[in-house]
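# Fold and geometry: a report
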Amino acid sequence: MPPSTRKPPGVLRRAGRVLPAVLLTAATLSGICAAGVATAMAQSYAGAGEGMPAAPPAPKAIPKGKISVAVVVSGAGSVTADVLAPYEVFSRSERFVVYTVAARRVPAPLSGGLRLLPDHTLDEVDSGAIPEPDVVVVPAVVDPAGAAEAPLRAWITARARHGARVLGVCAGSALLAATGVLDGRQATSFWANIDGLRADYPRVHWLRGERYVEDGEITTTAGITSGTVGALRLVERLAGAAEAGRIGAELRYPGWTLDGPTAITANRLVPSDLPYALNAAFPWLRPTVGVGLSDGVGEIDVAAAFEVYSGVSFSARAIPVGAKETVTTRHGVVLVTEPAGEAVPALDRLLIPGTDAAGVAGGTPRAGEAGGAAGPGTGTGGQADPVLARWASGRGLVPETPGGGRRAAEFGFDPVLRDLARHADRATARITAKFSEYPIDGLRLEGPAWPWRSTILLAAALAASVFVGLTPTLVRRVRSSRARDRRAAG
């Protein structure tokens, strides 16, 4: 038989029939997962580009004679805890004045579904309308090297050139690296980003397994919650060990001490991190959690709620709900909420963050604070703002305090992680802590062992993908069978 008419071996023929089905199955499953991740991220950074509230608070005044701290916010999206945790740390000292700054004074999205109204703009600093900051806090942003962030990169470079200390929190180090200010320096970042940062910015000496790294006037930290420790270090540098020790004792970040070791676990991706991918890729049918916000709520308490439920774990969709369209936190951050009304999506739960064992929102007021507002009680029936409480009652919701409320010796993330374990699963809570670089060795977690919702959705997606992959083969077989039948009938 001539070579051109010789049939391929049986193995190759079978492979030729199977391979297209496998590729189509894989492509379908990949498309479903990509759509899930896109949905989760879109909900996490909701509200980008939306307009001003009808009655926004006046911009914060910057008094003279204090150490000024500018916390940068991106118009495209920043990580909530990277912004709010350092903000609270510095604000707890009367030595500092802290404000938020962005390219424009319009609501800027934060991870987890929150929005923040910046106090001032980059141009106000450039023009001298407000004083040059002594400290600049740089959070992780959505696209650190993108064209949209060019003005922010230039502004950060100018502040460093003017002598400001810079605190890069988590993947905020990527934004700093993109400016060039880290060239020739030691730095750290979120553990999952370090290998990529080494490849993209080889002139930076990236260190793994450090809570924070100081190099001259620039300090960079590990993931998300590490910004608390990095900010405490700068408080120590600028306001003294006694002031840092007082604030650290109030906040109770696990294991923190003055002059304590900076080494932490050098995390890497392992198979047990699968729930993170499952929750991110399959956000459908997850619960919708309302986070009830009132004036005076603590910044770290807010950050914990939005990061733990939505921004990191992707286990729920979080909706900020308030009695009015803006809420001012204890130290002056302006947050934009969904006013309690018919426009708020259907909620599965309404959580009131910032409750401790004393039943006061955010705990007892500390030295140098404006004071706390009365807040929800302990247990599962929180005392929400009266407007929120009436609205919740009309929807059949009972305001809850996450994890039963914050206990006397806890950091703000602890009760929310407990609540996540109980209402989602322990695996998701542990991985959320890992991806936040938050130590939970002493935290008792109770609840289901595994994220079954996203696992079931994976199984359904896999079954659907296999069906799509086999459909062309099944169609060909049906057509061949009908052709044989017609020939036989003829």
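Everything numeric here is computed off the predicted structure, so don't read it as measured data.

## Describing the sheet that holds strand 3 (residues 108-110)
With antiparallel pairing, the 4 strands of this open sheet are ordered in space as 3-4-15-14. Each end of this open sheet is capped by a strand with a single partner; those strands are strand 3 and strand 14 (326-328). Sheet twist, expressed as the mean angle between neighbouring strand axes with direction ignored, is 35 degrees. Pairing between strand 4 (residues 114-117) and strand 15 (residues 334-336): 3 bridges, direction antiparallel. Bridged to Leu 116 within strand 15 is Leu 335. Helix-sheet contacts for helix 2 (residues 80-91) involve strand 3 and strand 4, and the interaxial angle to strand 4 is about 50 degrees.

## Overview of the sheet that holds strand 11 (residues 218-221)
Read across the open sheet, the 7 strands follow the order 5-2-1-6-7-11-10; overall the sheet is mixed. Sheet topology places strand 5 (120-121) and strand 10 (212-215) at the edges, where each strand pairs with a single neighbour. Summarising the sheet, strand 1 (residues 67-72) and strand 2 (residues 96-102) pair through 6 bridges and their orientation is parallel. Within the sheet, the bridge partner assigned to Ile 67 lies in strand 2 and is Phe 96.

## Thoughts on the packing of aromatic side chains
Applying the stated rule across the entire model yields 12 aromatic pairs. Seen from their ring centres, Tyr 276 and Phe 435 are 4.0 Å apart, and the 10 degrees between their planes marks the pair as stacked. Taken together, the residues Tyr 276 in helix 9 (residues 274-281) and Phe 435 in helix 13 (residues 426-435) connect sequence positions 159 residues apart. Look at Phe 435 and you get buried, because its relative accessible area is 7%. Residues Phe 411 and Phe 413 carry aromatic rings whose centres are separated by 5.9 Å and whose planes lie at 10 degrees to one another, so their mutual orientation is stacked. The class of Phe 413 is buried, set by a relative accessible area of 3%. Aromatic rings pair up to connect Phe 190, Trp 191, Tyr 276, Phe 314 and Phe 435 into one cluster.

## Considerations on the side chain of Thr 225
Locating Thr 225 in the fold gives a position in the loop between strand 11 and helix 7 (226-239). Given a relative accessible area of 1%, Thr 225 falls into the buried group. If we skip the residues at most four places from it in the chain, Thr 225 touches Tyr 253, Phe 413, Ser 436, Glu 437 and Tyr 438.

## Thoughts on the environment of Pro 320
Looking at where Pro 320 falls in the secondary structure, it is placed in strand 13 (residues 317-322). A relative accessible area of 7% means that Pro 320 is categorised as buried. It is 31 Å that separates the C-alpha atoms of Pro 320 and Arg 246, two residues lying 74 residues apart in sequence.

Conventions used here
- Residues numbered from 1 in each chain as written.
- Predicted model: local features only at pLDDT ≥ 70, side-chain atom pairs only at ≥ 80, totals over all residues.
- Heavy atoms only, no water.
- Pairing = 2+ DSSP bridges.
- Helix = DSSP H or I, 4+ residues; strand = E, 2+ residues; numbered from the N terminus.
- Axes fitted to C-alpha atoms, helices over the stretch in contact; angles between N-to-C directions.
- Contact = heavy atoms within 4.5 Å.
- Phe/Tyr/Trp six-rings, centres within 6.5 Å; stacked < 30°, edge-to-face > 60°.
- Buried < 20%, exposed > 50% of the residue type's maximum accessible area, 1.4 Å probe, protein only.

Read these as geometric descriptors, not functional statements.
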